[in-house]
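# Understanding the architecture of this molecule
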Amino acid sequence: MDTAEEPRRLDKILMLEDHPGLLAPATTCISTNFPNAELVTAQNLDEYRSKIADGDFDIVILDCDLTAGDQARLVQELKIRDYEPAVLVVSDSVDPFLVAEISNSGSQRYLARNGDWIAHLAPAIRQLLRVRRLEQENQKLVARLTEAKMFLEEKNKRLDEFSATVAHDIRGPLGGISMKLEYMLDFCQDDLSPRMVELLKRSHDSIRRLIDIVQAMYNYAKLGAKAARMNEIKLVTLIEEVASDMNFDQRLDIRIGIDDLPTVWGNADLLRRVFINLITNAVKYNDKSDVIVNIGLEGYEQKTLARFCKIFVEDNGPGIPESDLKHIFSVFGRGQGVDESTDGLGVGLSVVQRIVELHYGRIAVESTVGHGTRFLITLPVERIDFL
Ligand code: ADP
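Chains are numbered independently. Their residues run from 1 in the order of the written sequence. Two thresholds apply to this predicted model, a pLDDT of at least 70 for residue-level local features and 80 or more for giving and counting side-chain atom pairs, whereas whole-chain, interface and lining totals are computed over all residues. Where side-chain values are given, they derive from all heavy atoms of the structure, hydrogens and water being excluded.

Take the site of the ligand next. Around the ligand sit 20 residues, and of these Asn281, Tyr285, Arg334, Gly346 and Leu349 come closest. Throughout this description, a polar contact denotes any pair of N or O atoms lying within 3.5 Å of each other; where both atoms belong to protein, one of them has to be capable of donating a hydrogen while the other can accept it, and for residues adjacent in sequence the pair is counted only when both atoms sit in side chains. Here a nitrogen atom of the ligand and a side-chain polar atom of aspartate 315 are 2.9 Å apart. In this structure, arginine 334 approaches the ligand through a side-chain N or O atom, which is 2.6 Å from an oxygen atom. Protein coverage of the free-state accessible area of the ligand, which is 530 Å², stands at 96%. Only runs of H or I of at least four residues qualify as helices and only runs of E of at least two qualify as strands under DSSP, and these elements are numbered from the N terminus. Secondary-structure elements contributing two or more residues to the shell around the ligand are α8 (268-284), α10 (348-358) and β12 (373-380). Throughout, the term near means that a residue has one or more heavy atoms lying within 4 Å of the molecule or strand in question. For every accessible area listed, the method is Shrake-Rupley and the probe measures 1.4 Å; residues are considered covered only by the protein chains on display.

Written as structure tokens, this is what we have:
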């Protein structure tokens, strides 16, 4: 691997100044303090514009008194350049309105040209060069992170495609075997001994279960592609729809409380699946005749990527033993005490976790046996953009 650092190029400074009496001491100051910098000067706006066009400057020093009152536009013109130089504005005026206007225009430093301004010039340039270097380092880091993110996404996509293809290709023959077993059970029972019928039934059940597992694998692998389409989602509306579409055992008294919840940034299909799975579990594993499920907002947290809300889904069920908590989010991980006959494959929570992570969020669980379970998920409340 080539680890050699690119040689650092010279710092390039452009100075717009028409007055020879000001240009001379400034030039001397810059060449003395920054012997490795290349200084280019322009003495009027036309010359200045042609130089910034083929520039690539680190710092542009603008004599504000030469900008014909249009310094803000001049600074903005610089900001749209690819190389985005740091801007130092120098002026005879100390008018606070002008100073405010200059700093609002996007320039990094203002220097009043009073008696000893030359003494302040070198420290101001040094500070700007330092900031610029940090910005360049930062840009390199962002570029590397973006590259790593794209690489990981590509890798995940390929893994997903592989899993989906394998699951799809296995599903076909398994379906064929299942149909043949069904045929034998339906039409050949008279020719078979009770022991053979029993074995066929067990084989058929195992194949059906395998088909469910393969289908779950396929669905899991397809989640990533959906996450590419995200928009604003009113969480209350989405969860209310989910809750009213669910079919529960009529004998149970189920109360689902939904507090006021924020609008989040996400994929509606995926988020629907999150709440279907969490509410289904809250009801399925509940040992009370009056089932209570509450969904609410725990708070907000500011992360580097975006602002996130923390949503809780809590129930009054039996809770999850500490020893199970470690693997309930693993694919096919089920609670040790869960009755075999309880419907499920152990993929619900791993799907929830994957969906939350596709939204750059996190999932956590708090549970005490005998006191119910509380799932906490974080979801972005604003769009997340990458470079
Ligand atoms: P499944 O429900 O198919 O087993 P999940 O991934 O949805 O798969 O859940 C994994 C395990 O987590 C379950 O087997 C159960 O032990 C436990 N679990 C999940 N939600 C709850 C809940 N609300 N209350 C108690 N246990 C739960």
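Let's shift gears to the packing of helix α1 (residues 20-33) against helix α5 (residues 117-187). Packed helix pairs are specified by the crossing angle of their axes together with the interaxial distance, meaning the distance between the axes. Orientation is described by lines fitted to C-alpha atoms, with helices fitted over the stretch in contact, and by angles between N-to-C directions that extend from 0 to 180 degrees. Across the interface, α1 lies against α5 with an axial gap of 10 Å and an inter-helix angle of 45°. Judged by the angle between their axes, α1 and α5 are oblique. The hand of the α1/α5 crossing is right-handed. On α5, the residues that touch Leu22, Pro25, Ala26, Cys29, Ile30 and Asn33 of α1 are Trp117, Ile118, Leu121, Ala122, Ile125 and Arg126. When describing relative orientation, an angle under 35 degrees is termed roughly parallel and one over 145 degrees roughly antiparallel, while 65 to 115 degrees is termed roughly perpendicular and anything else oblique. Handedness of a crossing is defined here by the sense of rotation of the near helix relative to the far one, left-handed for an anticlockwise turn of less than a right angle and right-handed for a clockwise turn. Two residues form a contact once any of their heavy atoms are found within 4.5 Å.

Turning our eyes to something else, we now look at the pattern of salt bridges. By definition, a salt bridge exists where a carboxyl oxygen of Asp or Glu is found within 4 Å of a side-chain nitrogen of Lys or Arg. Counted by the stated rule, this structure contains 22 salt bridges. Here lysine 140 makes a salt bridge to glutamate 137, at a shortest N to O gap of 3.8 Å. Placement of both lysine 140 and glutamate 137 in helix α5 is noted, with a separation of three residues, approximately one turn of the helix. When a residue's accessible area, from a 1.4 Å probe over protein chains only, is under 20% of the maximum for its type it is buried; when over 50% it is exposed; and in between it is partly exposed. You can call glutamate 137 partly exposed: its relative accessible area is 45%. Linked through salt bridges whose partners overlap, the residues forming this network are Glu17, Asp63, Asp92 and Arg113.

Pairing between two strands is assigned when DSSP locates at least 2 bridges connecting them. Here we have five strands laid out as an open sheet, ordered β7-β9-β10-β12-β11, and mixed in their pairing. Edge strands, defined here as strands with exactly one partner in the open sheet, are β7 (253-258) and β11 (363-367). The sheet shows a mean angle of 20° between the axes of neighbouring strands, direction not considered. Both β11 and β12 contribute to a ladder of five bridges, which runs antiparallel.

Further remarks concern the nonpolar core. What is meant by a nonpolar core is a set of buried Ala, Val, Leu, Ile, Met, Phe, Trp, Tyr and Cys residues, joined one to another through side-chain atoms within 4.5 Å. Of all hydrophobic cores here, the largest spans 41 residues; its most connected members are Leu235, Phe275 and Phe375. When contributions to this core are tallied by element, the ones reaching two or more residues are α7 (235-245), β8 (263-266), α8, β9 (290-302), β10 (307-315), α10, β11 and β12. The dominant element in this core, judged by the number of residues it contributes, is α8, at eight residues. When residues no more than four places from it in sequence are discounted, the contact partners of phenylalanine 375 are Leu278, Ile311, Phe312, Val313, Ile320, Ile328, Phe329, Leu349, Ile363, Ala364 and Val365.

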